[in-house]
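What follows is the residue order along each chain.
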Amino acid sequence: IVNRADTYARESTPFDPLLELIEQVVRARTGTPVADPQLEPLADGPVPGHRTHVDAAALAAFVGDWPHPAQSLGVEAQGSLVLTAADGHLVGTTPTSGSFAYYLQPDGSLVQEDSHARLFVLRGDDGALDGFAGAEDLLEGTLVALMRDDDAAADALLATLRDDASVWALWARATVAAVRQQ
């Protein structure tokens with residue numbers, strides 16, 4: 001029995017699957033023992049719907065120690081994200097979250113293993129790679145830009161989320177719409 005939940009990001013197992021998990025544990029502890037039981041490793045396959053391997057050359061520009069979130073958001077960095085190249089993917093390490101594989105996607109974003117959280121690549125005014133931001137970071141940066149009356153910067157950050165359907169992206173769009181209606 002395996003339960004994988006992204007609890008470090010305040011996400012938990014949905015209630016119905018959690019009840020099923022509890023029932024499986026109870027059946028395993030109270031049922032008739034199985035003859036010759038075996039432990040089997042979890043088959044940890046690729047992230048569904050996401051590319052999980054690219055050529056090493058495609059990863060080279062991302063390798064480094066990056067302030068996180070990216071400086072171009074106009075918010076204070078909360079730490080750093082150290083990215084190293086591995087076998088066809090990146091490994092990102094932060095002091096607070098540990099190390100995770102990140103998979104480069106065709107749209108240029110990175111998808112984190114297990115949680116499937118997406119990091120968006122941000123570039124400075126000169127087009128150079130500036131760092132990375134999650135949807136929640138982009139929301140914060142967009143709000144900061146709106147408070148500075150920098151509509152162009154707010155629109156550019158919000159446009160980064162155009163194809164993202166995460167709760168953070170939906171919240172960002174709704175918040176910006178509400179602020180602009182005032």
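Draft legend 1. Examining the overall build of the chain more closely. Scanning the chain for helices and strands turns up 5 helices and 7 strands. What you see in the chain, going N to C, is helices and strands ordered as α-α-β-β-β-β-β-β-β-α-α-α. In the chain, which comprises 182 residues, the proportion classed as buried is 32%. Carbon and sulfur atoms make up 55% of the accessible area of the chain, which amounts to about 11600 Å² in all.

Draft legend 2. Representation of the sheet that holds strand 5 (residues 110-112) within the structure. The strand order 1-2-3-4-5-6-7 describes an open sheet built from 7 strands, whose pairing is antiparallel. Because the sheet does not close on itself, it has two edges, and the strands there are strand 1 (64-68) and strand 7 (129-133). Each neighbouring strand pair of the sheet contributes to a mean axis angle of 30 degrees, computed without reference to strand direction. Alignment of strand 6 (residues 118-123) against strand 7, held across 4 bridges, turns out to be antiparallel. In the strand pairing of strand 7, valine 121 is matched with phenylalanine 132. Seen against the sheet, helix 3 (residues 135-147) touches strand 1, strand 6 and strand 7 and runs at an angle of roughly 45 degrees to strand 6.

Draft legend 3. Up close: the side chain of glutamine 112. Tracing the sequence through the fold places glutamine 112 in strand 5. Overall, the relative accessible area of 7% leaves glutamine 112 in the buried class. One polar contact links glutamine 112 to tyrosine 102, side chain to side chain, over a distance of 3.1 Å.

Draft legend 4. Focus on the pairing of strand 4 (residues 98-104). A large share of strand 4 lies buried, amounting to 5 of its 7 residues. As paired strands, strand 3 (residues 90-94) and strand 4 are joined by 5 bridges and run antiparallel to one another. Opposite leucine 90, over in strand 4, you have tyrosine 102 as the bridge partner. Linking two consecutive strands that pair antiparallel, namely strand 3 and strand 4, is a turn of 3 residues. With 3 bridges joining them, strand 4 and strand 5 adopt antiparallel strand pairing. For tyrosine 102, the partnering residue across the bridge sits in strand 5 and is glutamine 112. The turn joining strand 4 and strand 5, which pair antiparallel and follow one another in sequence, is formed by 5 residues; a positive phi near 95 degrees is taken by glycine 108.

Draft legend 5. The arrangement of helix 5 (residues 167-181) in detail. Taking 1.5 Å per residue as the helical rise, helix 5 with its 15 residues ought to reach 21 Å, and the 21 Å between its terminal C-alpha atoms agrees with that figure. If you check which residues of helix 5 are buried, you get Ala169, Ala172, Thr175 and Val176. Seen along its axis, helix 5 keeps its buried residues to an arc of 130 degrees; they face one direction. In helix 5, the exposed positions that point more than 90 degrees away from the buried face belong to Val167 and Gln181. The secondary structure elements touched by the buried residues of helix 5 are helix 3 and helix 4 (151-160).

Draft legend 6. The arrangement of helix 3 in detail. The end-to-end C-alpha separation of helix 3 is 18 Å, in line with the 18 Å expected for 13 residues at 1.5 Å each. Tucked inside the fold, the buried residues of helix 3 contact strand 1, strand 6, strand 7, helix 4 and helix 5.

What counts, and where the lines are drawn
- Residues numbered from 1 in each chain as written.
- Predicted model: local features only at pLDDT ≥ 70, side-chain atom pairs only at ≥ 80, totals over all residues.
- Heavy atoms only, no water.
- Helix = DSSP H or I, 4+ residues; strand = E, 2+ residues; numbered from the N terminus.
- Buried < 20%, exposed > 50% of the residue type's maximum accessible area, 1.4 Å probe, protein only.
- Areas by Shrake-Rupley, 256 points an atom, 1.4 Å probe, with all protein chains shown as cover.
- Pairing = 2+ DSSP bridges.
- Axes fitted to C-alpha atoms, helices over the stretch in contact; angles between N-to-C directions.
- Contact = heavy atoms within 4.5 Å.
- Polar contact = N/O pair within 3.5 Å; in protein donor to acceptor, adjacent residues only side chain to side chain.
- Expected span 1.5 Å × (residues − 1).
- Arc of directions from axis to C-beta.

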